[in-house]
Amino acid sequence: MAGTIRKAVFPAAGLGTRFLPATKAQPKEMLVLVDKPVIQYGVEEAVQSGVDNILIVTGRGKNAIEDHFDVAVELESYLEQRGKTEQLEEIRKITRLINVAYVRQGEPLGLGHAVLVAQNLIGDEPFAVILGDDVIDANPPALKQLIDVYQRVDGPVLAVERVPAEDVSSYGVVKIDESAGNLGRGVYRISDLVEKPRREDAPSNLAIIGRYILTPDIFPSLSAMASDQTGEIQLTNGLRHLLRSRPIYVCEIDGVRHDTGNKLGFLKALVYFALRRPDLAEPFRRYLETLDLKAGAGSRP
Ligand code: UTP
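The model shown is predicted, which means the values in this text are computed figures rather than measured ones. (Residues numbered from 1 in each chain as written. Predicted model: local features only at pLDDT ≥ 70, side-chain atom pairs only at ≥ 80, totals over all residues. Heavy atoms only, no water.)

Engineer: Let's hear about the overall build of the protein chain: which residues, and what values?
Structural biologist: On a plain count of helices and strands, the protein chain comes out with eleven helices and 13 strands. Its C-alpha atoms give the protein chain principal-axis dimensions of roughly 60 × 50 × 40 Å. Put simply, 76% of the contacts in the protein chain that link residues at least 6 apart link residues at least 24 apart. Carbon and sulfur atoms form 49% of the exposed surface of the protein chain, whose accessible area is close to 15,700 Å². If you average the places of the 36 positive and of the 41 negative side-chain charges in the protein chain, the two averages end up 3 Å apart. (Helix = DSSP H or I, 4+ residues; strand = E, 2+ residues; numbered from the N terminus. Contact = heavy atoms within 4.5 Å. Areas by Shrake-Rupley, 256 points an atom, 1.4 Å probe, with all protein chains shown as cover. Lys, Arg positive; Asp, Glu negative; His and termini not counted. Charge placed at Lys NZ, Arg CZ, Asp CG, Glu CD.)

In structure tokens form, the structure reads like this:
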């Protein structure tokens, strides 16, 4: 029987170079979408999916993440004294709902390496991995969709999304095992996966996005991996190694994903989430409508 998913790993030790200079002294996970840092969207998704043990892989300069999920005694008593109960509840909610632990990745040696450093805190049980950059608006939450599939197939499940052919080279891309039969809508067994293939070499347009359910046998597979030409250990390569010894599944997520790890994706997410906020949607929409989008850069409303 498939085990319960109790823990979620958040690799957050990357350097965030695409957002420099913003990320020189501030982790990219703390960039704000409306009024919440990006990483909090992922943590809330984990909680809403029934996973409340949060394990964040951090590195140099990431202290703000720890402060964010810590109890802020002075701030709480300040808000309490002034009767600001709504804000008080908002900041208390997330820290009360989770058990959070941190593990340090000494050097950013890749996503696979980041997962490997979590091994001791994960132990011998299945677990989730959430890449906070991918913010997914979905109901049920994206991680819950994966967990439901995991309970049925009892093996690793990766979230995938169909992407345009010209974008496949930015992702890990999977090859579907056609012999596996019907596993349910959007669920497939895979026969291969390739990290960042050229468009002409891509085995499909099903790209791996930032949610995974993994089993503990991923750790020996990652340990067996050598660094690639960029000096990193890729999670995709570890999964490819694991695929030799057990079936791996993918699940197309039903929801809207934004990759906030690049500037355009971040801007799209910002507009998307602002328009979903009851307190902001109307005035923000009115403002957007005043913009002369055809006139291009530099034009004023
Ligand atoms: P990315 O490659 O998208 O993030 O890694 P990055 O390296 O921080 O950003 P750029 O490319 O320089 O702008 C995907 C996820 O894996 C984590 C990152 O923090 C991000 O959440 N990661 C990556 C690690 O935790 N450790 C690593 O060594 C590499």
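Read on for the rest.
Engineer: Can you tell me about the site of the ligand, naming the residues and giving the values?
Structural biologist: Lining the immediate environment of the ligand, one finds 17 residues, of which Ala-13, Thr-17, Arg-18, Gln-105 and Gly-110 sit closest. Within the backbone of Ala-12, one N or O atom sits 3.4 Å away from an oxygen atom of the ligand. In this structure, an oxygen atom belonging to the ligand sits 2.9 Å away from a main-chain N or O atom of Ala-13. Taken by itself the ligand offers 560 Å² of open surface, and the protein chains cover 82% of this. Here the residues of the shell around the ligand sort into eight nonpolar, five polar and four charged. (Near = heavy atom within 4 Å. Polar contact = N/O pair within 3.5 Å; in protein donor to acceptor, adjacent residues only side chain to side chain. Nonpolar A, V, L, I, M, F, W, Y, C, P; charged D, E, K, R; others polar.)

Engineer: Would you mind going over the nonpolar core in detail, with residue names and values included?
Structural biologist: Ranked by size, the top nonpolar core spans 40 residues in total, and within it Phe-10, Val-157 and Ile-213 carry the most contacts. Mapped by element, the contributors of at least two residues to this core are strand S1 (7–11), helix H1 (38–48), strand S4 (53–58), strand S6 (127–130), helix H7 (142–153), strand S8 (157–162), strand S11 (206–214) and strand S12 (249–252). The biggest single contributor to this core is H7, with seven residues. Apart from residues no more than four positions distant in its own chain, Ile-213 is found in contact with Ile-5, Phe-127, Ala-128, Leu-143, Leu-146, Ile-147, Tyr-150, Pro-156 and Val-157. Residues Val-103, Ala-114, Leu-193 and Leu-243 belong to the second largest nonpolar core, which totals 34 residues. (Core = buried A, V, L, I, M, F, W, Y, C linked by side-chain atoms within 4.5 Å. Buried < 20%, exposed > 50% of the residue type's maximum accessible area, 1.4 Å probe, protein only.)

Engineer: I'd love a proper account of the packing of aromatic side chains, names of residues and values included.
Structural biologist: Enumeration according to the criterion identifies four aromatic pairs in this entry. Centre to centre, the rings of Tyr-41 and Phe-273 are 5.0 Å apart; their planes meet at 55 degrees, and the pair counts as tilted. Taken together, the residues span a long stretch of sequence, with Tyr-41 in helix H1 and Phe-273 in helix H10 (residues 263–275) at a distance of 232 residues. Judged by its relative accessible area of 11%, Phe-273 is buried. (Phe/Tyr/Trp six-rings, centres within 6.5 Å; stacked < 30°, edge-to-face > 60°.)

Engineer: Can you tell me about the packing of helix H3 (residues 73–81) against helix H4 (residues 85–97), naming the residues and giving the values?
Structural biologist: One way to put it is that H3 packs onto H4 with a least axis distance of 8 Å and a crossing angle of 155 degrees. Here H3 lies roughly antiparallel to H4, going by the angle between them. Pair H3 / H4 crosses with left-handed handedness. In this structure, H3 uses Leu-75, Glu-76, Leu-79 and Glu-80 to contact H4, whose residues at the interface are Gln-87, Leu-88, Ile-91 and Arg-92. (Axes fitted to C-alpha atoms, helices over the stretch in contact; angles between N-to-C directions. Parallel < 35°, antiparallel > 145°, perpendicular 65-115°, else oblique. Left-handed = near helix turned anticlockwise from the far one by under 90°.)

Engineer: Can you explain unusual backbone geometry? Please cite residues and give values.
Structural biologist: For the peptide bond that leads from Leu-20 to Pro-21, omega is 5 degrees, which places it in the cis range. Its place among the elements puts Pro-21 in the loop between S1 and strand S2 (32–33). For the bond from Asn-139 to Pro-140, the omega torsion is 0 degrees, close enough to zero to count as cis. For Pro-140, the location among the structural elements is in the loop between strand S7 (134–137) and H7. You will see that Lys-196, though not glycine, has its phi angle at about 45 degrees, which is positive. For Lys-196, the location among the structural elements is in the loop between strand S10 (187–195) and S11.

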